[in-house]
Amino acid sequence: MSVLVYIENVDGAFKKSGFEALTYAKAIGDLTGKTVAALSIGQVEQESLEKLGTYGISHVVQVDSGRLKQFVNQAYAAVIADVAKHLQATTIVLSNSFSGKGLAPRIAAKLGAALADGAISLPIIEADIWQIKKSVFSSKAIATDKLRTTTKVIALTPNVFEVKESPVSTEITAYEPSINTTDFSTVIKDIVRTTDKVSLPEADIVVSAGRGLKGPENWGMIEELANVLGAATACSKPVSDAGWRPHAEHVGQTGLAVSPSLYIAIGISGAIQHLAGVSSSKTIVVINKDPEAPFFKVADYGIVGDAFEVVPQLIEALKAH
Ligand code: FAD
């Protein structure tokens, strides 16, 4: 019995959310006395695989079949379930990232396992029942999943579990999974990357702007601030509804829920529907010219001022450092 953690990569580079899942899996291994193995799918440099030892993982399974070069949900789920069976893993951990949200239920169904999706805590184990917390209703409440099956799948919410290092030497083994042609019923012919920007759901810093910006022509300074900070950009719903920004950037009750370390809200009033998607951010900074804007009530730091004066000064100050 062991713990298997799947680590996502983009073009061969492991994602931060993967390292978080790795640290979480290691903690479960320590908690339960089980060994932990990491799984990498697709082409990843040997050096990057060896570096996984930095996070206390001594066994890495690599599946590098040509057909799995690009992410295909059904096929990746089949591979993860197959490797889990091969290693007799009874706990499967992955990130509840965009792809993880599609993978986790499929893996659970294949293994007859209970699923905790969007986990925000380590399990409390009592009489073989694992209790795992997750945030629900746009982070307004916390629910507890009770996992009673022998095999369990846990999809960890990005940005809630701090990556920790505990170096060990790593053994890498290649594995040839059993996958069917039917697992490739969806064929991705090509992926065209339209932006090099930081991915919003997993970003550590988010610079977000609202209707206070007046129009799409004023987003240059928001993008510049995001660039200086290595942040992702986001927006309020009316902004994406108006077509000023892509819908993928809309955060809130009807958009994405994010939980970065730092959320900077510029010219956003702080309506309850917007806060629903951002309130679990660790630090919130609000820039708004109206001192009565509701966003200030949940802000850790606030600047009452005109965004068109404050943001350029902020960029200048950050660049000077
Ligand atoms: P506004 O409310 O117009 O606020 C603009 C802010 O900018 C004001 O506070 C103003 O003081 C400030 N401002 C103006 N000029 C400047 C300046 N020069 N410098 C600094 N500050 C300035 N909204 C979401 O965002 N996400 C959701 O998921 C979402 N879901 C919804 C679901 C439902 C069912 C409903 C009914 C609404 C939903 N909304 C959502 C809309 C939400 O209620 C608000 O209308 C919306 O969040 C307001 O967007 P805003 O803050 O950008 O605009």
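Residues numbered from 1 in each chain as written. Predicted model: local features only at pLDDT ≥ 70, side-chain atom pairs only at ≥ 80, totals over all residues. Heavy atoms only, no water.

- An unreviewed UniProt entry lists the chain under the name Electron transfer flavoprotein subunit alpha/FixB family protein, with Sphingobacterium suaedae as the source organism.
- According to the UniProt record, the Sequence similarities (unreviewed entry) comment for the chain reads "Belongs to the ETF alpha-subunit/FixB family." (UniProt positions renumbered as here; feature names shortened; annotations may be inferred.)

Section: the overall build of the chain
Moving on, step 1. Regarding its fold elements, the chain presents eight helices and 17 strands.
Moving on, step 2. For 321 residues, the compact-globule formula gives about 20 Å, and the C-alpha radius of gyration of the chain, at 21 Å, lands near that figure.
Moving on, step 3. Each principal axis of the C-alpha atoms in the chain carries an extent, and together these give about 60 × 45 × 40 Å.
Moving on, step 4. Buried residues in the chain amount to 50% of all 321 residues.
Moving on, step 5. Contacts spanning at least 24 positions in sequence make up 66% of the contacts within the chain whose residues lie at least 6 apart. (Helix = DSSP H or I, 4+ residues; strand = E, 2+ residues; numbered from the N terminus. Rg over C-alpha atoms; globule rule 2.2 N^0.38 Å. Buried < 20%, exposed > 50% of the residue type's maximum accessible area, 1.4 Å probe, protein only. Contact = heavy atoms within 4.5 Å.)

Digging into the layout of surface pockets
Moving on, step 1. Approximately 440 Å³ is the volume found for the second largest pocket.
Moving on, step 2. Contributing to the lining of the second largest pocket are 27 residues, with Arg 211, Gly 212, Gly 267, Ile 268 and Ser 269 lying nearest its centre.
Moving on, step 3. Of all the elements in the fold, those that place two or more residues in the lining of the second largest pocket are α6 (237-241), α7 (272-275), β16 (283-288) and α8 (307-320).
Moving on, step 4. Split by residue class, the lining of the second largest pocket holds eight nonpolar, 13 polar and six charged. (1 Å grid on protein atoms, 1.4 Å probe; cavity = no way out; pocket = protein on both sides within 12 Å on 5 of 7 lines; lining within 4 Å. Points joined across faces, edges and corners; volume = space filled by probe spheres on them. Nonpolar A, V, L, I, M, F, W, Y, C, P; charged D, E, K, R; others polar.)

Some thoughts on the nonpolar core
Moving on, step 1. By size, the foremost hydrophobic cluster in this structure holds 31 residues, and its most contacted members are Leu 4, Leu 39, Ile 80, Val 83 and Ile 107.
Moving on, step 2. Put simply, the parts of the chain that give this core at least two residues each are β1 (2-7), β4 (35-41), β5 (59-63), α3 (73-86), β6 (89-95), α4 (98-111) and β11 (152-156).
Moving on, step 3. Ranked by residue count, the leading element in this core is α3, at eight residues.
Moving on, step 4. Listed in part, the 29 residues of the second largest apolar core include Val 5, Ile 28, Val 44 and Ile 132. (Core = buried A, V, L, I, M, F, W, Y, C linked by side-chain atoms within 4.5 Å.)

As for the site of the ligand
Moving on, step 1. The immediate surroundings of the ligand are formed by 26 residues, with Arg 211, Ser 236, Ser 269, Gln 273 and Asn 288 found nearest.
Moving on, step 2. Under a 2 Å grid-point criterion requiring more than half of the atoms, the pocket assigned to the ligand is the second largest pocket.
Moving on, step 3. For the shell around the ligand, the secondary structure elements donating two or more residues are α6, α7 and α8.
Moving on, step 4. Taken together, the residues of the shell around the ligand sort by class into six nonpolar, 14 polar and six charged. (Near = heavy atom within 4 Å. Sits in = over half its atoms within 2 Å of the grid points.)

Quick look at the pairing of strand β9 (residues 129-136)
The side chains of a regular strand alternate between both faces of the sheet.
Moving on, step 1. Alignment of strand β8 (residues 124-126) against β9, held across three bridges, turns out to be antiparallel. Paired with Ile 124 across the two strands is Gln 131, which belongs to β9.
Moving on, step 2. Counted between consecutive antiparallel strands, the loop separating β8 from β9 contains two residues, among which Ala 127 sits at a positive phi close to 50°.
Moving on, step 3. Both β9 and strand β10 (residues 141-147) contribute to a ladder of seven bridges, which runs antiparallel. Residue pairing for β10: Lys 134 is matched across the bridge by Ala 143.
Moving on, step 4. What sits between β9 and β10 in their antiparallel hairpin is a turn of four residues, with Phe 137 showing a positive phi close to 50°. (Pairing = 2+ DSSP bridges.)

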